[in-house]
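Observations on the model geometry
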Amino acid sequence: MPVLKADFGACQGYANCVAGAPDAYDIDDDGTVVLLKERIGAEDLPRLQEAARSCPVSALTIEDA
Amino acid sequence: MSTTVVVGSSVAGVRTAQALRTEGYDGRVVLVGAEPGPPYDKPPLSKQFLSGARQAHEVTLLTAQEAHLARIELRLGSAARCLDVAARRLRLADGAELAYDTCVIATGAAARPSPWPVRSGLHVVRTLADSAALRADLLRGGPVVVVGGGFVGAEVAATARGLGCAVTVVDPLPVPMGRLLGPEVGAHFTALHERHGVATRFGTGVEAVTGESGRLRVALTDKTVLPAATVVVGIGAVPNDRWLAGSGLLLDDGVVCDEFCRAVGTGDVYAAGDVARWYHPGHGTRVRVEHWTNAVDQAALVARNITRPEHPQPYAPVPYVWSDQYDWKIQIAGTPADATRHTVVGRLSGGTARGGALYGDDSGRLCAAVTVNWPRALVECRRLLAGQAPFDTALDRVDRLAARAAGRPGATR
Ligand SMILES: Cc1cc2nc3c(=O)[nH]c(=O)nc-3n(C[C@H](O)[C@H](O)[C@H](O)COP(=O)(O)OP(=O)(O)OC[C@H]3O[C@@H](n4cnc5c(N)ncnc54)[C@H](O)[C@@H]3O)c2cc1C
Ligand code: SF4
């Protein structure tokens, strides 16, 4: 099952990920990404991959586990 | 097997190629780029790459290995010269011809050239090479004159100042950011320069630049002359659509597309990113957007429409752009040009600024928002904009966010 990962130190709060996949990513009051879930189903993979690739600082990855 | 040729290897082109695979496209994907090196990202060129905080390999968008894994064939180092729409063939500068079933035009934009011909010391910032050359001159020290107080000019000014240079920004508009954000909010951006010791000569044009690197003279319309070691010209961009002149495609300051991002009059040519002028169904008019997030979102949509042509989706995004200037993280969503009113929330001055402005249009809806050092509020506003929220509802939500932030220890309000 694919697993969402985030580099919280790299995140700059641009929030493209939130716009692309509000069910998976949110942002806290300090402007850092929050993962709303860890494991995702295969059917969500394309959409979440696109959301992760919309991060301007490449802070988001999706790993196979 | 069908072939998609993507022309232009920066963010719009790279993301289109990647998204084709994500969408399950199983034909050939060929990525054509004029520049020989690995595809790279642009926003750091006026920020972290220019300052030295990030190296060239850290702005790479797609490595050879990533391309290989995604079965993206790289055809870098040769510009596309001509597109034969009827025969579905693309000719490159090196003489090679590529046949395609689908073509995506993602050739972006070029810096509007400097109108002042000087031999050395004058820079524009669009490519990695531009930014590296400017950095080398900045490291030799100032004074630096930046012509243009828009996003790129302001970012270069901030970075040059951070490198220890004396900097002056010149712009013919009295409040350069006011054109986008209105004079009241725009004035805070002028103050931002001044607080960091960068001089502004706003409301003044440039008449001539003469001399050479290290000994340039910038003559202003008010008859003063600024000495400069280095001059940076940031006066906008022009779409790279000239190479399509003989193709028969409709060009009008960009490649003219329908709401599905298909070049009008074709079924198999698409455009994405800075070069695309498409029909935005939400605005009821054709628009061209020069923002990173638009390039990525449009790339994803084009890939989807290529993969599922029987269910094409229209492209109607809420514009979004960020800019990092000095100690400010600036984010803008929506279309402030449509505004008839605005309200400032929080604080838009000083190093601990944390606030924003909401803009409403004459229909009573929220039409845009700008925030400074407050990403949480901008996320909320992007949602509200996407949902076409009334201005008052939006203001109420953002006020509540401000109150919540104020209630926390360490908050800046
Ligand atoms: C210095 C700078 C800072 C920026 N900062 C921000 C920011 O902070 N936030 C933000 O939202 N946006 C920012 N932008 C804007 C953003 O980078 C652009 O919107 C984005 O790069 C557009 O991507 P694109 O792929 O459409 O076009 P481009 O990035 O212009 O890329 C086009 C590519 O096509 C290639 N090409 C051109 N003609 C041909 C041809 N005939 N054949 C083959 N290849 C060709 C070019 O070499 C280039 O690689 C910035 C831009 C610059 C220049
Ligand atoms: S897009 Fe990237 S930088 Fe922006 S909030 Fe998401 S993870 Fe952070």
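Up top you'll find the structure we're talking about.
Before going into details, it helps to say that this report is about the structure given with it. Keep in mind that this is a model prediction, so the values were computed, not measured.

Rules used in this analysis
Residues numbered from 1 in each chain as written. Chains lettered and ligands numbered in written order. Predicted model: local features only at pLDDT ≥ 70, side-chain atom pairs only at ≥ 80, totals over all residues. Heavy atoms only, no water. Helix = DSSP H or I, 4+ residues; strand = E, 2+ residues; numbered from the N terminus. Rg over C-alpha atoms; globule rule 2.2 N^0.38 Å. Buried < 20%, exposed > 50% of the residue type's maximum accessible area, 1.4 Å probe, protein only. Near = heavy atom within 4 Å. 1 Å grid on protein atoms, 1.4 Å probe; cavity = no way out; pocket = protein on both sides within 12 Å on 5 of 7 lines; lining within 4 Å. Sits in = over half its atoms within 2 Å of the grid points. Nonpolar A, V, L, I, M, F, W, Y, C, P; charged D, E, K, R; others polar. Polar contact = N/O pair within 3.5 Å; in protein donor to acceptor, adjacent residues only side chain to side chain. Areas by Shrake-Rupley, 256 points an atom, 1.4 Å probe, with all protein chains shown as cover.

Quick look at the overall build of chain B
For chain B, the count of helices and strands is ten helices and 26 strands. A compact globule built from 413 residues should have a C-alpha radius of gyration of about 22 Å, and chain B, at 22 Å, falls within 12% of that. Dimensions along the principal axes, computed over C-alpha positions, put chain B at roughly 60 × 55 × 35 Å. Counting only residues that meet the buried cut, chain B has 52% of its 413 residues in that class.

Observations concerning the site of ligand 2
Residue and element names in this part refer to chain A. Cys11, Tyr14, Ala15, Cys17 and Cys55 are the nearest of the 13 residues found near ligand 2. If you map ligand 2 onto the pockets, it falls in the largest cavity. When the residues that make up the shell around ligand 2 are grouped by side-chain class, the tally is ten nonpolar, three polar and no charged.

Notes on the site of ligand 1
Residues and elements named next belong to chain B. Near ligand 1 lie 33 residues; those nearest to it are Lys42, Lys47, Ala80, Arg126 and Asp274. Here an oxygen atom of ligand 1 and a side-chain polar atom of lysine 42 are 2.7 Å apart. Interatomic distance of 3.1 Å between a backbone N/O atom of alanine 109 and an oxygen atom of ligand 1. Calculation on ligand 1 without its partners gives an accessible area of 1,000 Å², and the protein chains cover 93% of this total. Those elements giving two or more residues to the shell around ligand 1 turn out to be α1 (11–22), α5 (151–162), α8 (292–307) and β22 (320–325). By residue class, the composition of the shell around ligand 1 is 16 nonpolar, ten polar and seven charged.

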